[in-house]
Amino acid sequence: MADRYVLALDVGTQSARAIVFDAGGALVARAQVAFTPYHSAAPGWAEQDVEVYWAALRDSCHTLWNEAGVDPANIEAVSLTTQRGSVVCVDERGEALRPAILWLDKRVQPGLGNVPGPWGWLFRTLGVHETIAQFRADAESNWLQAHQPALWQRTRRFLFLSGYLTHRLTGHFRDSVGCQVGYVPFSYSQQQWAHRWDWKWKAVCVRPDQLPELVPPGQSLGGLTTAAAGELGLPEGLPLVAAAGDKACEVLGSGALSSDVACLGYGTTATINTVSEKYREVIRYLPAYPAAVPGHYNTEIQIFRGFWMVSWFKQEFGAPEEQIAASTGLPTEAVLDQQIRDIPAGSQGLMLQPYWSPGIRDPGPEAKGAIIGFSDVHTRAHVYRAILEGLAYALRHGREKIERTTRQPVRRLRVAGGGSQSDVAMQITADVFGLPAERPHVYEASALGAAINAAVGTGMHPDYRTAVRAMTHVGDVFEPEPAAVRTYDRLYTRVYERMYGRMKPLYRQLRRTTGYPP
């Protein structure tokens, strides 16, 4: 089976990758094209020309064929995973009518309030009308209808980026069930478009005919068109197998298939996920998302800005480390890791809560980040370590919510994403959780998850458990250090868990006074 290959296309926020895997999960060849994450025509906006994504995929594929020595004739199937929650308006031919609105976009359409009619009365009785109002305000379709009505009138299909690229590849308006994460009328419990009586049709202005056909992960979305195959250098008709969104594929590629294994995603958004065969809402009225395994769910907690905070720190405070990195050839993160290795657990009394972006329920829309405990011993390195510790605390808090919901203790951690390449971050994770922290054998866990979908879909492996056993393996393991575990336990239970409740009234006053977050 060693010469049987699948190609995973992975479109992230900052780059696109084309990666070839064999049936044993070995990374055969990889090519990556970076791009500017987004453009802002107004404060808080985040948009990207969809041609940027297509060009990056095309150039990545050609690098595989021309420089990595891969023969495209040996590729048995293609799968696609993309950033979640980024939307594209297209006409009847599938041509984009405007740049994609990305998941990072912060524009809102205020004033819509609760949904009208009986659903609205029910939500008010349940005390979740503010959550519904926030859902409506955040929905991109509602903003488009209000501010670009002529364009919205011309929008024949309203697609996630995965759906747009699927049409570009196959000519079909189809998308994977596993990619439906965002403000659309989707039933997360049923994993299909919502029934016509569902409240979501009243919450957003999307019509049923604007949405694509949904296909479960592991099934064919169609074959590559002549035009797409020609541009990518692949055989015409090669099957595109449905995968899932980047986080769902990351969970699968990390080898997590049950509730006792938690996958921590150390990417732009930091997440903790377990996989369940049952639909369970970890935070009431906030959905469990579709998993990359058909018919399964990811019980996800996310820290919206996550390891973006590392980039934020480098940009705002890390100029000296970037100069050292430039002179030594090391990544800036490696320089920072060297500086914080000898800082003791707890950052000598500095504590950070990483709510740099507001939430919906927990934390709520008033949430802000906080750093407490400053003294004259603290340096920029202490702040950096406090960021890593704060993210680990927040994800531990998520783990406890998941365990209360699933009634299944988490016994193992798999950590993937860019932040997992830091040995210090991995050790902090093990110590904060009090559990061994394991890296997957390949850094590209999202792409590997998509490759597993393709491998099962083409019959390389008969089912997902077999595929995961064959294609995922544990790499480095970081064991918790008892003294650090004791320190973090005390700080977490006595300080971190109390911070948000104590600060919440002050956050609300800040919001009322400054108007931010809006």
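Position labels on residues start from 1 in each chain and follow its written sequence. Confidence filtering applies because this is a predicted model: local features only for residues at pLDDT of at least 70, side-chain atom pairs given and counted only at 80 or more, and all residues used for totals across whole chains, interfaces and linings. To get the side-chain values, all heavy atoms of the structure are used, and hydrogens and water are removed first.

## Comments concerning the overall build of the chain
Segments assigned H or I by DSSP are reported as helices when at least four residues long, segments assigned E as strands when at least two residues long, and all are numbered from the N terminus. Counting its secondary structure elements, the chain contains 17 helices and 23 strands. This radius of gyration counts C-alpha atoms alone. The globule rule is 2.2 Å times how many residues there are, raised to the power 0.38. Its C-alpha atoms give the chain a radius of gyration of 23 Å, within 12% of the compact-globule value 24 Å for 518 residues. The classification of residues rests on relative accessible area computed with a 1.4 Å probe and restricted to protein chains. Under 20% of the type maximum is buried, over 50% is exposed, and intermediate values are partly exposed. Looking at the chain as a whole, 57% of its 518 residues are labelled buried. Contacts are residue-level and defined by heavy atoms, with any inter-residue pair within 4.5 Å sufficient. Taking all contacts inside the chain whose residues are at least 6 apart in sequence as the whole, residues at least 24 apart take part in 69%. Here the chain displays about 20900 Å² of accessible surface, and carbon together with sulfur accounts for 50% of that area. Between the averaged position of the 51 positive side-chain charges in the chain and that of its 51 negative side-chain charges there is a distance of 9 Å. Note on areas: Shrake-Rupley with a 1.4 Å probe; residue coverage comes only from the protein chains shown. Under the counting rule used here, the positive set is Lys and Arg, the negative set is Asp and Glu, and His together with the chain ends is not counted. Positions of charges follow a simple convention, taking NZ of Lys, CZ of Arg, CG of Asp or CD of Glu.

## Observations concerning the environment of His-172
Here His-172 is to be found in the loop between α6 (161-170) and β9 (174-176). Note: C-alpha distance between His-172 and Leu-224 (52 residues apart in sequence) is 10.0 Å. Apart from residues no more than four positions distant in its own chain, His-172 is found in contact with Thr-166, His-167, Leu-221 and Gly-222.

## What about the nonpolar core?
Counting 54 residues, the largest nonpolar core has Leu-264, Ile-272, Leu-388, Leu-395, Phe-433 and Tyr-496 as its most contacted members. A per-element tally of this core places helix α13 (residues 380-406) first, with 12 residues. Apart from the residues within four sequence positions on either side, Phe-433 is in contact with Leu-264, Ile-272, Ala-392, Leu-395, Arg-396, Arg-399 and Leu-413. What makes a nonpolar core is a set of buried Ala, Val, Leu, Ile, Met, Phe, Trp, Tyr and Cys residues whose side-chain atoms join them at distances within 4.5 Å.

## Notes on the packing of aromatic side chains
Only Phe, Tyr and Trp rings are paired, with Trp represented by its six-membered ring, and only when their centres lie within 6.5 Å; those with planes under 30 degrees apart are stacked, over 60 edge-to-face, the remainder tilted. Counted by the stated rule, this structure contains 24 aromatic pairs. Each ring, one from Trp-308 and one from Trp-312, has its centre 6.5 Å from the other, and the planes form 25°; the classification is stacked. Of this pair, Trp-308 and Trp-312 both sit in helix α10 (residues 308-317), four residues apart, roughly one helical turn. Residue Trp-308 is classed as partly exposed on the basis of its relative accessible area of 26%. Among the aromatic residues, those joined into a cluster by ring pairs are Trp-308, Trp-312, Phe-313, Phe-317, Trp-356 and Tyr-384. Consider the ring centre and the ring normal. A charge sits over the ring if Lys NZ or Arg CZ is within 6 Å of that centre and within 35 degrees of that normal. Stacked on the ring of Trp-308, the Lys or Arg Arg-305 has its end atom at 4.5 Å from the ring centre.

## Some thoughts on the pairing of strand β15 (residues 261-266)
When you tally the buried positions in β15, you get six out of six residues, the bulk of the element. Two strands are counted as paired when DSSP detects at least two bridges linking them. Judged from the five bridges that link them, β15 and strand β21 (residues 412-416) form a sheet pairing that is parallel. Bridge pairing in β21 links Gly-265 to Ala-416. Bridge count between β15 and strand β16 (residues 270-276): four bridges; the pairing is antiparallel. Its bridge partner being in β16, Leu-264 is matched across the sheet by Ile-272.

## Some words on helix α14 (residues 423-433)
Judged by how many residues are buried, α14 sits mostly within the fold: 10 of 11 residues are covered. Those residues of α14 that fall on the buried side of the exposure criterion are Val-424, Ala-425, Met-426, Gln-427, Ile-428, Thr-429, Ala-430, Asp-431, Val-432 and Phe-433. Phi turns positive, to about 70°, at Gly-434, one or two residues after α14.

## Structural notes on the sheet that holds strand β22 (residues 437-440)
Read across the sheet, seven strands follow the order β17-β18-β16-β15-β21-β22-β23 without closing on themselves; strand pairing throughout is mixed. Lying at the two open borders of the sheet, with one neighbouring strand each, are β17 (289-290) and β23 (474-478). Note on geometry: axes are C-alpha line fits, over the in-contact stretch for helices, and angles between N-to-C directions span 0 to 180 degrees. α14 contacts β15, β16, β21, β22 and β23 of the sheet and is inclined by roughly 140° relative to β22.

## Quick word on the side chain of Lys-200
Relative to the assigned elements, Lys-200 resides in helix α7 (residues 200-203). By relative accessible area, which is 11% here, Lys-200 ends up buried. Aside from chain neighbours lying at most four places away, what touches Lys-200 is Val-184, Pro-185 and Phe-186.

Bear in mind that shape data such as this cannot, by itself, settle questions of function.
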